[in-house]
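Geometric and topological summary
Residue-level listing of the chains:
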Amino acid sequence: MSYISKTITSAHNDEIKQLARLAQSPRERRKQQLMLLEGIHLTESCLDAGIVPERVYLNEAAQAHPEVQALLRRLSAPTVVVTVPEAVLAKATALASAGELLALCPRPQARPCPEAASRVMLEDIQDPGNLGTILRCAAAAGVSELMLSKGCVDVYSPKVLRAGMGAHFVLNIHEQADLCAELARYEGRKLVTHLEGSTSLYAQDLRGPVAFVFGNEGAGVSAEALALADARVRIPMPGHAESLNVAMAATVCLFERVRQLETDASS
């Protein structure tokens, strides 16, 4: 064992109270530049990305779990492993019951975005499940550059992290971006999904650099962003639905790009 070990037994401990504040407050997480990972899978994904947890809060009831033991073997100083009773750990999670562990980690810092890279641009997405699903979809579809407006829900909130299933650690996520300024200087194709789009998604050539812009669940994409788009595209819906959830729309668009690239590669 090369990590630092300690034990906390009381839910009134100041460290546990601060952990609960981080779980609940986007402002506190941004101020301290921290994120809180729930469970083994997310913590493993974080370690795989080379991010070292500051602290791991270990549910004492899960100490003997083989996957927990395997994860602990990957840790070393300066990481501190804090063993806590299950009831105490439950104070710092929104889940119905405490998982095996919580990991407190520094938020990843965005790298410069290559000018010609395809990207997903998200304007004021409010639902954590939608945002996490879009991140997971982008990672699966091979689009690694994500730009989020200031009005988006905290991308490193526990709910978004759970929905992303580790996608955060393979993406380059730019928070609080000025989307209109980014769109104005982008030299690739700029496509905005719109219910009254003038052209079908399937008529677009998506094989080169492209920026997909997806808007707020209720209001859609702003007029300013629409004005900067090369095309307003619609997803054909021959059935009876009026619209698609924004995460579903993003999935359709990103995997149409995958289809076109696969077709081009095989021809």
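Heads up: these notes are all about the structure in this document. (Residues numbered from 1 in each chain as written. Predicted model: local features only at pLDDT ≥ 70, side-chain atom pairs only at ≥ 80, totals over all residues. Heavy atoms only, no water.)

**Side note on unusual backbone geometry**
- In the segment running from Ala77 into Pro78, the intervening peptide bond is cis, with an omega of 15°.
- Positionally, Pro78 belongs in strand β4 (residues 76-84).
- Phi at Asp124 is positive, roughly 60°, even though this residue is not glycine.
- By the secondary structure assignment, Asp124 is in the loop between β6 (119-122) and α6 (128-141).
- Residue class for Asp124 comes out partly exposed when judged on its relative accessible area of 29%.
- With a phi angle near 55°, Met165 is a residue other than glycine that sits in the positive phi range.
- With respect to the helices and strands, the residue Met165 is situated in the loop between α7 (158-164) and β8 (172-177).
- When its relative accessible area of 42% is taken as the criterion, Met165 is described as partly exposed. (Helix = DSSP H or I, 4+ residues; strand = E, 2+ residues; numbered from the N terminus. Buried < 20%, exposed > 50% of the residue type's maximum accessible area, 1.4 Å probe, protein only.)

**Observations regarding the nonpolar core**
- Met35, Leu37, Val120, Leu122, Leu131 and Leu146 are the most contacted members of the largest nonpolar core, which has 56 residues in total.
- In contact with Leu37, other than residues within four places in its own chain, are Leu42, Thr43, Cys46, Leu101, Leu102, Ala103, Cys105, Leu161 and Phe169.
- Within the second largest apolar cluster, 17 residues are counted, among which are Ile8, Leu19, Leu34 and Val80. (Core = buried A, V, L, I, M, F, W, Y, C linked by side-chain atoms within 4.5 Å. Contact = heavy atoms within 4.5 Å.)

**Some details on the sheet that holds strand β11 (residues 210-214)**
- Pairing in this open sheet of 7 strands is parallel, and the strands run β8-β7-β6-β11-β9-β12-β10 from one edge to the other. The outermost strands of the open sheet, each flanked by one partner alone, are β8 and β10 (199-200).
- Relative to β11, strand β9 (residues 189-193) runs parallel, the two sharing 4 bridges. Directly across from Arg189, in β11, lies its bridge partner Val210.
- In the packing of α6 onto the sheet, contacts are made with β6, β7 (145-149) and β8, and the angle to β6 comes to roughly 170°.
- Strands in contact with helix α10 (residues 246-266) are β6, β9 and β11; relative to β11, the strand with the most contacts, it is inclined by about 165°. (Pairing = 2+ DSSP bridges. Axes fitted to C-alpha atoms, helices over the stretch in contact; angles between N-to-C directions.)

**Looking at the pairing of β7**
- The buried fraction of β7 is high, at 5 of 5 residues.
- Residue alternation in β7 divides its side chains into two sets, Glu145, Met147 and Ser149 and Leu146 and Leu148, and both sets are buried.
- Sheet topology note: the β6/β7 ladder contains 4 bridges and is parallel. From the neighbouring strand, Met121 faces β7, where its bridge partner is Met147.
- Between the parallel pair β6 and β7, the chain is carried across by α6, and the sense of this crossover is right-handed.
- Where β7 and β8 come together, 4 bridges link them in parallel fashion. Bridge pairing in β8 places Glu145 opposite Asn172.
- With α7 bridging β7 and the parallel β8, this β-α-β connection has right-handed handedness. (Right-handed = clockwise from strand over helix to strand, strands pointing away.)

**Some points on helix α3 (residues 40-48)**
- Within α3, burial applies to Ile40, Leu42, Thr43, Ser45, Cys46 and Leu47.
- Next to the buried residues of α3 lie β2 (34-38), α4 (66-72), β5 (101-106) and α7.
- Just downstream of α3, Gly50 is the residue with a positive phi angle, here 85°.

**What to know about the pattern of salt bridges**
- This structure, assessed with the given rule, holds 12 salt bridges.
- Of the charged contacts in the structure, one is a salt bridge between Arg207 and Asp205, with a shortest N-O distance of 2.9 Å.
- Assessed through its relative accessible area of 42%, Arg207 is described here as partly exposed.
- Asp264 serves as the salt-bridge partner of Arg207, at 3.3 Å between the closest nitrogen and oxygen. With Arg207 in the loop between β10 and β11 and Asp264 in helix α10, this residue pair connects regions lying 57 residues apart in the sequence.
- In the salt-bridge network here, residues are joined through shared partners; they are Arg29, Arg30, Arg107, Asp154 and Glu175. (Salt bridge = Lys/Arg side-chain N within 4 Å of Asp/Glu carboxyl O.)

Note that every value here comes from positions in space, so none of it alone points to a role or purpose.
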